[in-house]
Amino acid sequence: MKSKITSLYKQLDEHIINEYSKFKFGDTNTIKHLAEKISELIFKKISNNKRYVLYTTNKFPTKNYYKKNSLLLTEKVSKILKLPLIIGEYKYHYQKDAFYDNHIERKIHLPKIKQKDKLRYTGYIFLMIDDSIVTGTTLNVSLDELKDVTNEV
């Protein structure tokens, strides 16, 4: 599968970089500003003659009162660009004694896409949005889930 990573990290002005911690805590103004920047970047890179779908991950079940910031961000980008959105949902149960706060020991959560979405968006180019890449684990397990749906992420 062909995959390419593009980041806004070096393209952001210092104000946005300083606002990143606000984003991580769900500051709506920062999420809106970042969604606008990401939308501009995506718009410059997509082609009118190809079909695209936005993709991100979130803990199952996706409810309005519990959404990861990357999902809130991707929802805004989806509205700005008028592109469909697919969510790879993963399950895990919090266990106090087994909780980790260390990216080196990060547990893998396997996102699953609904079968109806796989069938509907087969052959589309998937544009995955995540709020950071530390280990690449989310990207790698998502690529595995998407391997029968698309050739390009």
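See above for the structure.
Just so it is clear, the structure is predicted and the values come from calculations on it, not from any experiment. (Residues numbered from 1 in each chain as written. Predicted model: local features only at pLDDT ≥ 70, side-chain atom pairs only at ≥ 80, totals over all residues. Heavy atoms only, no water.)

Engineer: Just to check I follow, could you spell out the sheet that holds strand β1 (residues 52-59) for this structure?
Structural biologist: For sheets, the rule is that strands pair by backbone hydrogen bonds, running either parallel or antiparallel. With parallel pairing, the 3 strands of this open sheet are ordered in space as β2-β1-β3. The outermost strands of the open sheet, each flanked by one partner alone, are β2 (85-90) and β3 (125-128). Shown here is a sheet whose adjacent strand axes are inclined to one another by a mean of 35°, direction ignored. Relative to β2, β1 is paired through 6 bridges, and the arrangement is parallel. Its bridge partner being in β2, Thr57 is matched across the sheet by Gly88. (Pairing = 2+ DSSP bridges. Helix = DSSP H or I, 4+ residues; strand = E, 2+ residues; numbered from the N terminus. Axes fitted to C-alpha atoms, helices over the stretch in contact; angles between N-to-C directions.)

Engineer: Can you help me understand the environment of Leu73 in this one?
Structural biologist: Residue placement: Leu73 occurs in helix α3 (residues 69-81). Distance from Leu73 to Thr28, taken between C-alpha atoms, is 9.3 Å for residues 45 residues apart in sequence.

Engineer: For this particular structure, what's the right way to read the pattern of salt bridges?
Structural biologist: Pairing is possible between side chains of opposite charge, provided their charged atoms come close. Inspection of the entire model under this criterion finds 4 salt bridges. A salt bridge links Lys32 to Glu36, with the nearest nitrogen and oxygen atoms 3.9 Å apart. Taken as a pair, Lys32 and Glu36 lie in helix α2 (residues 28-45) at a separation of 4 residues, close to a single helical turn. Taking the relative accessible area as the measure of exposure, Lys32 reaches 47% and is therefore partly exposed. Judged by relative accessible area, which is 33%, Glu36 ranks as partly exposed. Note that Lys112 and Glu145 form a salt bridge whose closest N and O atoms lie 3.5 Å from each other. One end of the pair, Lys112, is in the loop between β2 and α4 (115-120); the other, Glu145, is in helix α5 (residues 137-146), with 33 residues separating them in the sequence. Residue classification places Lys112 among the partly exposed positions, given a relative accessible area of 49%. Each of Lys112, Lys118 and Glu145 takes part in a single network of salt bridges with overlapping partners. (Salt bridge = Lys/Arg side-chain N within 4 Å of Asp/Glu carboxyl O. Buried < 20%, exposed > 50% of the residue type's maximum accessible area, 1.4 Å probe, protein only.)

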